[in-house]
Amino acid sequence: MKRFVVLLALTGCQADKPAPAPLDAADPFDGANAGDGREVAGMKLRWCPAGTFVMGSPASEPERRPFEHQSEVALTRGFWIGECEVTQGNWKRLLDKLPGDTTGAGDDFPIGWVNFAEAEDFCAKLTAAAHASGALPANWEFRLPTEAQWEYACRAGTTTATSFGDSISRKQANFKGPPYGTTEDGPSLDRATRAGSYPPNPWGLRDIHGNACEWCRDWYHDRYPGGVNPDLHDAKATAAKNDDGTYSRSRRGGTWADPGWPNRSAFRQRFEPERKADHIGMRVVVVRP
Ligand SMILES: [Ca+2]
């Protein structure tokens, strides 16, 4: 009887599920397999293939917060994403001066003190330079990730609370407070560290949990819509309004200034686009819009 109920539930689930979105035609600049590496204009990138995933966290996930409801997302085009956060070296290679104070003494430290417009300007200038040099085909461009792209790349096929499983320790990511889901100890730096110092996720991404928090291109919505290729870059009209009447962009990934739980893959944060902070930086994607 129990088996019958389970089968019925599964059948019902499949019947309710929309037909999968067809994937877009492949492009010569695509990667072959998830996590494949490539370097463009000094940026080390990893391939994220087209696919579907469940965004958000289940109600059973410890430390779950509001606004992490689950939705199915289909990304019909693969994209490249920075293996590491954008570093001070990446920035100085393209622009005369950093957007603010350093996060550490060295080119390998992540960029901090960058506001949303400066982050987007970096992507636009990097795109122009890479087009001009021929390193990037004309139909691809550097951008900030959508929240969906960010979480898809962070999860890298995992469905657990973090890409390391249902836990994360300070040996796996740069954060300063108690670990999440484990008692394993590790260094507590209370500052940024060199990008790429911690182990990668299954697709080769480093510091996708912790170190600098990362701007996304979306206006922050309390309820992320899911669906096919969601992109809330221009969706200010439906965005969540802050108490003072302003609106925020999204940012992801926890930081060196946080405890372990905000490093969960589904955790979402907002930040007004004009503001900057020592612990907020960025990671690029390369997309075919
Ligand atoms: Ca990070």
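Keep in mind that what you see is a predicted model, and the values were worked out from it rather than measured. (Residues numbered from 1 in each chain as written. Predicted model: local features only at pLDDT ≥ 70, side-chain atom pairs only at ≥ 80, totals over all residues.)

## Notes on the environment of T160
Structurally, T160 is set in the loop between α4 (147-155) and β7 (213-219). C-beta crowding within 10 Å serves as the criterion here: with 15 such atoms nearby, T160 is assigned to the partly exposed category. Remark: the alpha-carbon pair of T160 and E61, spanning 99 residues in sequence, is separated by 8.8 Å. (Helix = DSSP H or I, 4+ residues; strand = E, 2+ residues; numbered from the N terminus. Buried ≥ 20, exposed ≤ 12 C-beta atoms within 10 Å, placed from the backbone.)

## Side note on the nonpolar core
Side chains of nonpolar character tend, in soluble globular proteins, to be buried together. Counting residues in hydrophobic clusters, the biggest one holds 57 residues, and the most contacted among them are I81, A153, M282 and V286. For this core, the secondary-structure elements that each account for two or more residues are β2 (43-48), β4 (71-75), β5 (79-82), α3 (116-133), α4, β7 and β12 (285-287). The contacts of I81, once residues within four sequence positions are left out, are L45, R46, C48, P145, A153, L205, R283 and V285. (Core = buried A, V, L, I, M, F, W, Y, C linked by C-beta atoms within 7 Å. Contact = placed C-beta atoms within 7 Å.)

## Side note on the sheet that holds strand β6 (residues 141-143)
Strands sit in the order β1-β2-β5-β12-β6 across an open sheet of five strands; the sheet is antiparallel. One side of each edge strand has no neighbouring strand; the edge strands of this open sheet are β1 (37-40) and β6. Across the sheet, the axes of successive neighbouring strands diverge by a mean angle of 35°, strand direction being ignored. Bridging between β2 and β5 involves four bridges; their strand directions are antiparallel. Residue pairing for β5: C48 is matched across the bridge by F79. (Pairing = 2+ DSSP bridges. Axes fitted to C-alpha atoms, helices over the stretch in contact; angles between N-to-C directions.)

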